[in-house]
Amino acid sequence: MAVRLQREDFDVGAETEALVRGNPRIGAIVSFVGLVRDLHVREGYHRDAVKAMTLEHWPGVTEKALADIEAEAHRRWLLDASLIVHRYGRLEPGERIVLVLAASPHRDAAFDACRFLIDWLKTKAPFWKLEETPAGDAWVAAHAADDAAARKWEKD
Amino acid sequence: MAVRLQREDFDVGAETEALVRGNPRIGAIVSFVGLVRDLHVREGYHRDAVKAMTLEHWPGVTEKALADIEAEAHRRWLLDASLIVHRYGRLEPGERIVLVLAASPHRDAAFDACRFLIDWLKTKAPFWKLEETPAGDAWVAAHAADDAAARKWEKD
Amino acid sequence: MKIKYFAWMRQKAGVAEEDVTPPDDVRTVQDLIDWLARRSPRHAEAFSEAKVFGAAIDQQVVKLDAPVAGAREVAFFPPFTGG
Amino acid sequence: MKIKYFAWMRQKAGVAEEDVTPPDDVRTVQDLIDWLARRSPRHAEAFSEAKVFGAAIDQQVVKLDAPVAGAREVAFFPPFTGG
């Protein structure tokens, strides 16, 4: 159970290996890797080529938000291990942005927890994306789809 | 889009990297890794320590079944890339058994396709597991939960 | 006609594959099972847990009432447990 | 009281953080917004898209009718877009 906020890239294989080492109870690991795309579809039709993106965060507060989200996943599912690594700073298309790992004895918990973690992270952790496009810099707007994805995990 | 059946281990990081290299459309990669557990809970209460497991397959037919399952995922979701690697032979607790990767512009398709692939693989590809336990060798029985998981993807 | 057995069916039958020539009154997979089960006590044991195995004709999974006419290969196997 | 601005609110306001001493009649976050918006044209612009930003008092997200009494830090930011 760990969260890391860093400028540097991460190693998906090494992180996956480290997560489960020494725990033979684990039968399933689900991972999500988010990457910078070279195209941003705005409002469903307008397409911008993306040269790079800069991720801004709120030092201290973002880490705490990630840790809270991870703790909530452990309250909801029986996880043996989890990891969130999120980068900040300037990233180019094809670069990795975020890694979410969830490990459990069985795959259902690992899948649900991994998806919950990325859904909540997108709407509940303070990050902001500035994209460099041919038309100039543009702040990425929040997606209604992300809000909907996060809401499906709200408890009644 | 590829399936591989092999005795050797696989490298999660390298496979993930190779899958998306040169495709900056991809924004999301979801992976599932299945591992040999040191404990097998049978019928909900009886627990066997597992020393090792041997995976039997049907040469030629298993590969084709995996390729069919992967093709079905591509019919259902807009995926940019996918990979199934499944091992056979004798494996010990902690060893990797299977890797499923699904990549797409957005995370919903990648999550759904990855979960579909592992759910269908478990019930529709010819593999059989023989476990070595303190009480002797025992063939793993099919799980009702796996059948239910596979059925939820059946189309009406 | 080639018969293949997998996993515990192979272990119980004591053979991975065998060539057989069933008589003309063996019309369906179920007829073939009944006929094969009479070949030896081990065969009988392999087919005794009647509901927990499947069959394939020429590598296509079929139901037990499927006709076997023209089949080159019939395979018998327990439910799949991969992944 | 320290005020922080993030992302486009920081760019529009032209400042990342500033120390202010609002008068006593600034009771809620909304009062504070109205008061800050009068500091400069850039501040007015930062707060002009009234519905698409959030606020936090001492690092806890709050609604705009939350009281600011006792707050050491109030932050303003657009919706989060991480991941």
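Everything numeric here is computed off the predicted structure, so don't read it as measured data. (Residues numbered from 1 in each chain as written. Chains lettered and ligands numbered in written order. Predicted model: local features only at pLDDT ≥ 70, side-chain atom pairs only at ≥ 80, totals over all residues. Heavy atoms only, no water.)

*Asks:* Could you clarify how one ought to interpret the overall build of chain A in this entry?
*Replies:* Assigned secondary structure in chain A consists of four helices and 10 strands. Each principal axis of the C-alpha atoms in chain A carries an extent, and together these give about 50 × 40 × 30 Å. Expressed as a percentage of the 156 residues in chain A, the buried residues total 58%. Pairs at least 24 apart in sequence give 76% of the contacts found in chain A among residues at least 6 apart. Of the accessible surface of chain A, which amounts to about 6700 Å², a share of 51% is contributed by carbon and sulfur atoms. (Helix = DSSP H or I, 4+ residues; strand = E, 2+ residues; numbered from the N terminus. Buried < 20%, exposed > 50% of the residue type's maximum accessible area, 1.4 Å probe, protein only. Contact = heavy atoms within 4.5 Å. Areas by Shrake-Rupley, 256 points an atom, 1.4 Å probe, with all protein chains shown as cover.)

*Asks:* Can you walk me through the overall build of chain C in this structure?
*Replies:* Along chain C, the regular secondary structure elements total three helices and five strands. Counting from the amino terminus, helix and strand elements in chain C follow one another as β-α-β-α-α-β-β-β. Rg of the C-alpha trace for chain C: 12 Å, near the compact-globule value of 12 Å for 83 residues, within the 12% margin. Out of the 83 residues in chain C, the part that is buried amounts to 46%. When the accessible area of chain C is evaluated, it comes to approximately 4400 Å², of which 49% is carbon and sulfur surface. Looking at chain C, you have 11 positive and 12 negative side-chain charges, and the mean spots of the two groups are 4 Å apart. (Rg over C-alpha atoms; globule rule 2.2 N^0.38 Å. Lys, Arg positive; Asp, Glu negative; His and termini not counted. Charge placed at Lys NZ, Arg CZ, Asp CG, Glu CD.)

*Asks:* Hey, could you run me through the confidence of the model for chain C in this one?
*Replies:* Within chain C, residue pLDDT values average 95, and 96% of them lie at 70 or more. Here the prediction assigns the complex a pTM of 0.94, and the interface score ipTM is 0.93. (pLDDT = per-residue confidence, 0-100.)

*Asks:* How do you make sense of the pattern of salt bridges when you look at a structure like this?
*Replies:* Opposite charge on two side chains permits them to pair, given that their charged atoms come into close proximity. Considering all chains together, one arrives at 45 salt bridges over all chains under this definition. A salt bridge links Arg115(A) to Asp108(B); the shortest N-O distance between them is 3.2 Å. Linking Arg115(A) in helix H3 (residues 107–124) with Asp108(B) in helix H3 (residues 107–124), this pair reaches from one chain into another. Arg115(A) sits in the buried class, given a relative accessible area of 15%. Within the structure, one salt-bridge network assembled from shared partners comprises Asp9(A), Arg87(A), Glu95(A), Arg96(A) and Glu17(B). (Salt bridge = Lys/Arg side-chain N within 4 Å of Asp/Glu carboxyl O.)

*Asks:* In this structure, what is going on with the arrangement of the chains? I would like to understand it.
*Replies:* If you rank the three pairs of chains in contact by how many contacts each has, first place goes to chains A and B. Taking C-alpha atoms only, the smallest gap left between chain B and chain D, which are not in contact, amounts to 10 Å. For the non-touching pair chain C and chain D, the nearest C-alpha separation works out to 29 Å.

*Asks:* Would you mind showing me how to read the relation of the copies chain A and chain B here?
*Replies:* Both copies of the chain are related by a screw-like operation: a rotation about an axis and a shift along it. Taken as rigid bodies, chain A and chain B are interconverted by a rotation of 180° and an axial shift of 0.0 Å, the fit giving an RMSD of 0.0 Å. Such values leave the two copies arranged in the relation of a two-fold axis. For chain A, the residue whose C-alpha comes nearest the rotation axis is Gly13(A), separated from it by 1.9 Å. The share of interface residues of chain A whose copies in chain B are also at the interface is 100%, consistent with both copies meeting through the same surface. (Least-squares fit on C-alpha atoms with pLDDT ≥ 70 in both.)

*Asks:* Could you clarify how one ought to interpret the interface of chain B and chain C in this entry?
*Replies:* The extent of an interface is frequently quoted as the accessible surface area lost upon association of the parts. The interface of chain B with chain C comprises 22 residues on the first partner and 17 residues on the second. Across the interface of chain B and chain C, roughly 1600 Å² is buried in total on both sides, 62% from carbon and sulfur atoms. It is Trp58(B), Trp128(B) and Trp139(B) in chain B that bury the most area against chain C; as a group they hold 43% of the surface buried on that side. At the boundary of chain B and chain C, one finds one salt bridge. For Arg10(C), the salt bridge identified is with Glu56(B), shortest N-O distance 2.3 Å. If you look at where chain B meets chain C, you find eight residue pairs in polar contact (both at pLDDT 80 or more). Among the elements of the structure, strand E5 (52–57), strand E8 (96–104), H3 and strand E9 (127–133) of chain B are those that each provide at least two residues to the side of chain B that touches chain C. (Buried area = accessible area lost by both parts, 1.4 Å probe. Polar contact = N/O pair within 3.5 Å; in protein donor to acceptor, adjacent residues only side chain to side chain.)

*Asks:* What should I look at first to understand the interface of chain A and chain B in this one?
*Replies:* At the interface, 35 residues of chain A touch 35 residues of chain B. Summed over both partners, the interface of chain A with chain B buries about 2900 Å², with 51% contributed by carbon and sulfur atoms. If you look at where chain A meets chain B, you find 10 salt bridges. Here chain A is connected to chain B by 21 residue pairs in polar contact (both at pLDDT 80 or more). Residue assignment for the side of chain A that touches chain B shows that the elements contributing at least two residues are helix H1 (12–20), strand E2 (28–35), H3 and helix H4 (144–151) of chain A. Among the elements that take part in the side of chain A that touches chain B, H3(A) stands out by supplying nine residues, more than any other. Grouping the amino acids of the side of chain A that touches chain B by side-chain chemistry returns 17 nonpolar, six polar and 12 charged. Here E2(A) pairs with strand E2 (residues 28–35) of chain B via seven bridges, running antiparallel. Pairing of Ser31(A) across the sheet is with Ser31(B), part of E2(B). (Nonpolar A, V, L, I, M, F, W, Y, C, P; charged D, E, K, R; others polar. Pairing = 2+ DSSP bridges.)

*Asks:* Just checking my understanding: could you explain the sheet that holds strand E7 (residues 89–91) of chain B for this structure?
*Replies:* Whether parallel or antiparallel, the strands of a sheet pair through hydrogen bonds between backbone atoms. Residues and elements named next belong to chain B. Taken in spatial order, the four strands of this open sheet run E7-E5-E9-E10, and their pairing is antiparallel. At either end of the open sheet lies a strand with only one pairing partner, and these are E7 and strand E10 (136–139). Strand-to-strand twist of the sheet, defined as the mean angle between neighbouring strand axes without regard to direction, takes the value 25°. Taken together, the three bridges between E5 and E7 define a ladder with antiparallel strand orientation. (Axes fitted to C-alpha atoms, helices over the stretch in contact; angles between N-to-C directions.)

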